[in-house]
Amino acid sequence: MTVPTPADEAPICSARGCRASAVWALRWNNPRLHTPERRKTWLACPEHRTSLGDFLDARGFLREVSALPGSHTLEA
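Residues numbered from 1 in each chain as written. Predicted model: local features only at pLDDT ≥ 70, side-chain atom pairs only at ≥ 80, totals over all residues. Heavy atoms only, no water.

### Structural notes on the state of the cysteines
The following threshold applies: Our working definition of a disulfide is a cysteine sulfur pair at a distance within 2.5 Å. In this scheme, a residue with accessible area under 20% of its type's maximum is buried, one over 50% is exposed, and one in between is partly exposed, where area comes from a 1.4 Å probe on protein chains only.
Here the structure, examined in full by the defined rule, presents 0 disulfides. The thiol of Cys18 is unpaired, and the distance to the nearest cysteine sulfur, on Cys45, comes to 3.9 Å. Between Cys45, a free cysteine, and Cys13, which holds the nearest cysteine sulfur, the sulfur-to-sulfur gap is 3.8 Å. Among the residues examined, Cys45 registers a relative accessible area of 3% and is labelled buried.

Structure (structure tokens):
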């Protein structure tokens, strides 16, 4: 379960035990449980973006990955 953070705090990676700032949003759904348009979101730091994405993709749940607004991943 994800605990909401106050708006002034940086979002935290969803990987177990990780407290790093998240810069990626991995949007997914389980087609056996969710309607096609429903999206759940896991947040990821650069270190866990691949492992969290691979976990969801292996199950056919991953729908999209995008940079969080304001993260350094959007800076070119």
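### A short note on the nonpolar core
Stated precisely, the cut-off is as follows: The criterion is simple. A nonpolar core is a set of buried Ala, Val, Leu, Ile, Met, Phe, Trp, Tyr and Cys residues joined through side-chain atoms within 4.5 Å. Helix and strand assignments follow DSSP, with helices taken as H or I runs no shorter than four residues and strands as E runs no shorter than two, numbered in order from the N terminus.
Counting 10 residues, the largest nonpolar core consists of Cys13, Ala15, Cys18, Leu26, Trp28, Ala44, Cys45, Leu52, Leu56 and Phe61. Broken down by secondary-structure element, the contributors of at least two residues to this core are β1 (24–28) and α1 (49–58).

### Some words on the sheet that holds strand β2 (residues 40–44)
Heads up, the condition is: A pair of strands is considered paired only if DSSP assigns at least 2 bridges between the two. Where helices are involved, their axes are fitted lines through C-alpha atoms of the stretch in contact, as for all axes, and angles between N-to-C directions lie from 0 to 180°.
The 3 strands are arranged β2-β1-β3 in an open sheet whose pairing can be described as antiparallel. Single-partner strands in this sheet number two, and they are β2 and β3 (62–67). Averaged over all adjacent pairs, the angle separating strand axes in this sheet is 25 degrees, with direction ignored. Bridge count between β1 and β3: 5 bridges; the pairing is antiparallel. Bridge pairing in β3 places Ala25 opposite Ser66.

None of this, on its own, says anything about what the molecule does.
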